[in-house]
Amino acid sequence: MTTFRRYLTHSRLLPAALALMLAGAFIAACAPAAIPTATSSTAAPQPTATTSLQPTETSPLSTPQPAAAPTPNATTFPTLTLASIRMFDTTNGWATGWLAADRASDYRLPVGDVYRTTDGGAHWQMVTPTGAAPESISSIYFLDAQHAWAAVSARDVNSPTLTIYATQDGGQSWQDGARMWLPHAEALGPIVCGDPQSGRLMATLATVAVARAVASCKTADDGIAWQVVSQTSGAAGTLPRGCIKSGISFVDDNTGWVTGSCPGGPIYLFVTHDGGGQWQRQTLTPPSGYDAQLFDQCQCSFQPPIFTSDHDGVMALQIFEAEQSDALYITHDSGATWTSVVLPLKQVVRAVDFVDTQNGWLSDGQQFIVTQDGGQSWTPLPDLPGGNPPDSLDFVDSDMGWLVVEPQLYKTQDGGHTWTAATPMLNESSVPAQGSTDQTLSVTLADNDKLLQLKVSQRFLLNLGDGYTWTVEVDNQAIISRVVNISVVRGAQGVYEAHAPGQATLTATGDPVCRQSKPPCGMPSRVFTLHVTVQ
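Predicted, not measured: the structure shown is a model, and the values here were computed from it. (Residues numbered from 1 in each chain as written. Predicted model: local features only at pLDDT ≥ 70, side-chain atom pairs only at ≥ 80, totals over all residues. Heavy atoms only, no water.)

## Quick look at the overall build of the chain
Secondary structure assignment for the chain yields zero helices and 39 strands. Expressed as a percentage of its 535 residues, the buried residues of the chain come to 56%. Counting only contacts in the chain whose residues sit at least 6 apart along the sequence, the fraction spanning at least 24 positions is 55%. (Helix = DSSP H or I, 4+ residues; strand = E, 2+ residues; numbered from the N terminus. Buried < 20%, exposed > 50% of the residue type's maximum accessible area, 1.4 Å probe, protein only. Contact = heavy atoms within 4.5 Å.)

## Some details on the state of the cysteines
This structure, assessed with the given rule, holds one disulfide. The side chain of Cys298 participates in a disulfide bridge whose partner is Cys300; the two sulfur atoms lie 1.9 Å from each other. Take Cys300: its relative accessible area is 6%, and that puts it in the buried class. (Disulfide = S-S within 2.5 Å.)

## Notes on the sheet that holds strand β30 (residues 420–422)
Within the open sheet, the four strands sit side by side as β27-β28-β29-β30. Their pairing is antiparallel. Where the open sheet ends on each side, the last strands, each with one partner, are β27 (392–395) and β30. Ignoring which end each strand starts from, the neighbouring axes of this sheet average 25° apart. Here β27 pairs with strand β28 (residues 401–405) via four bridges, running antiparallel. In the sheet register, Ser392 faces β28, and the bridge partner there is Val404. (Pairing = 2+ DSSP bridges. Axes fitted to C-alpha atoms, helices over the stretch in contact; angles between N-to-C directions.)

## Comments concerning the confidence of the model for the chain
Per-residue confidence for the chain gives a mean pLDDT of 73; residues scoring 70 or more make up 66%. Scored below 50 in pLDDT, residues 184–188 shows 27 contacts in the model against residues more than four places distant or in partner chains. The low-confidence segment residues 206–212 (pLDDT under 50) makes 26 contacts with residues lying over four places distant or belonging to another chain. (pLDDT = per-residue confidence, 0-100.)

## Here's the deal with unusual backbone geometry
Working note: non-glycine residues mostly have negative phi, and peptide bonds are mostly trans. At the junction of Glu406 and Pro407, the peptide bond is cis and its omega measures out at 5° in the coordinates. Residue position: Pro407 is located in the loop between β28 and β29 (408–412). Of note in this structure, Ser334 is not a glycine but carries a positive phi near 65°. Structurally, Ser334 can be placed in the loop between β21 (325–331) and β22 (339–342). The backbone of Asp449 sits at a positive phi, close to 65°, despite the residue not being glycine.

## A few points about the sheet that holds strand β2 (residues 80–87)
On the basis of which strands lie adjacent, the open sheet formed by five strands has the order β2-β3-β4-β5-β31 and mixed pairing. Looking at which strands have only one partner, the edges of the open sheet turn out to be β2 and β31 (425–426). Sheet topology places strand β5 (residues 123–126) next to β31; two bridges connect them, and they run parallel. Pairing of His123 across the sheet is with Met425, part of β31.

## Re the packing of aromatic side chains
As enumerated under the stated definition, the model contains 14 aromatic pairs in all. These aromatic residues form a ring-pair network of at least three members: Trp361, Phe368, Phe395 and Trp419. (Phe/Tyr/Trp six-rings, centres within 6.5 Å; stacked < 30°, edge-to-face > 60°.)

## Focus on the nonpolar core
If you look at the biggest cluster of nonpolar residues, it comprises 22 residues, and the most contacted ones within it are Phe460, Leu462, Ile480, Leu506 and Phe528. The set of elements that each furnish at least two residues to this core consists of β32 (440–443), β33 (450–454), β34 (459–462), β35 (468–474), β37 (494–498), β38 (502–512) and β39 (526–534). Ignoring anything within four residues of it in the chain, the contact list for Leu462 reads Val443, Val472, Ala492, Gln493, Gly494, Tyr496, Leu506 and Phe528. (Core = buried A, V, L, I, M, F, W, Y, C linked by side-chain atoms within 4.5 Å.)

## Describing the pairing of β5
For a regular strand, side chains alternate in direction, first toward one face of the sheet and then toward the other. Across two bridges, strand β4 (residues 113–117) lies against β5 in antiparallel orientation. Within β5, the residue paired with Arg116 across the bridge is Gln125.

## Topic: the side chain of Gln282
Along the chain, the position of Gln282 falls in the loop between β17 (280–281) and β18 (300–302). A polar contact is formed between the side chain of Gln282 and the side chain of Trp257, at a distance of 2.7 Å. In this structure Gln282 touches Trp257, Ile267, Leu269, Phe270, Val271, Gly335, Ala336 and Trp338, once residues within four positions along its chain are discounted. (Polar contact = N/O pair within 3.5 Å; in protein donor to acceptor, adjacent residues only side chain to side chain.)

## Digging into the environment of Gly401
By secondary structure assignment, the location of Gly401 is in strand β28. In this structure Gly401 comes out as buried when scored by relative accessible area, which is 0%. Here the alpha-carbon distance between Gly401 and Asp414, two residues 13 residues apart in the chain, equals 8.4 Å.

## Digging into the pattern of salt bridges
Considering all chains together, one arrives at two salt bridges under this definition. Of the charged contacts, one joins Asp447 and Lys450 as a salt bridge, the two residues approaching to 3.8 Å between their closest N and O atoms. Of the two residues examined, Asp447 and Lys450, each falls in the buried class. Ionic pairing is found between Arg459 and Glu497, a salt bridge with its closest N-O pair at 3.0 Å. Of this pair, Arg459 sits in strand β34 while Glu497 sits in strand β37, and the two are 38 residues apart along the sequence. Looking at Arg459, the relative accessible area reads 30%, which means it is partly exposed. The exposure class of Glu497 is buried, given its relative accessible area of 17%. (Salt bridge = Lys/Arg side-chain N within 4 Å of Asp/Glu carboxyl O.)

Put into structure tokens, the structure is as follows:
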């Protein structure tokens, strides 16, 4: 079954005024393949004996400043909160989210940790990519129950890179290696897949007031290598620098759109027919009831088109005039022509989901409506539970669906007429075993450039704090690597385990969180290094 999906359930990069569930979609024909593992070639300096960290019988971690090791404990394990959900049938699916203790009320991860369920959302296993801190994952795409791509951004001013991780086994293992260097890159937009071996993504290079510079990138070999196809410049055939871009979407390898908003200006809707090399503005007729010159100077915003087949798709339009309204543009010829339907909603569309070309649901946070004729007509349903606008809405057929209204997960089996609250539970494999706290070492920023001596199978918690967005690399993962499917407290970067005798160097690059504020702070990045010897 081809499904009609959203990006922003998995990517929190657009401004709040544009944060719709409908903002872009992944084309369901795209299938990722293996990406080779990349390792660092950094040579480990020879540390002195005075900087050695050795576990002893009296203390699991000996440091110059002894302190109790803050480690996870199954008896006080915090609640799992989902931010988005993506199901592929009645039992198998994915979600993003975090542990309740991992953030304060004013703290929200861009995507968070990655989870997977095989029992319809009752139980979840954490499958965040090894080496990718949850706060650095800027976008994620779930192709099916086994395959996913995750995009990780490292915004070090000296080396701004984007790394694509891929899994083919439901997140049990991830491979990384597709790295791109983009000067001044702030964040990564959604990955868009147009056919079984190609993908697209849009990286935000800079945002100033109501303008956003972006780069359009593509891969032709299942994500092993990426190239920049075009950048905003204002020259003929390129995307204009001005206006806020809301997303990118392709219906096939050649035809795609970039959408956005230009307050008080013409609509931002550009199409390419050569895979992104050249872009032209696409003209549309305003919705019924609006002036024919509406789009000449429009307080409105388009969201990327979403296709449920090679020919059928929809595109959402928000109109911020005296009376705010929303419209849905529908195509049955791969986007060559579009017809509009004014939606019977009072507020901005907050959640949308179609399971095929006929059946779909929309919510503006106050009203919940359903269509069974491809959007031509809509029928009101009972109000959604939760009392707040939905964070994520996902159906797998005309009856079965899931709803996230933070912090609650709901499930329906009658097409959205009634909902039952569900409590997402972590699998035991996602929780550290009882009795493990006295065997887990805690490594903090105070241990920079020190030597940690371990025995095979011994573990340590990397807890560098949440003041930085950390990107962690290990130069020899045959010696030590991050343990997957173990949730950690806020500020920690994961649990690492020793596998075989030898030496390895763990390097973590931290970008200050305050750089993400507007205006950004001038605080420099920092590098943390840990030298590990396994006996």
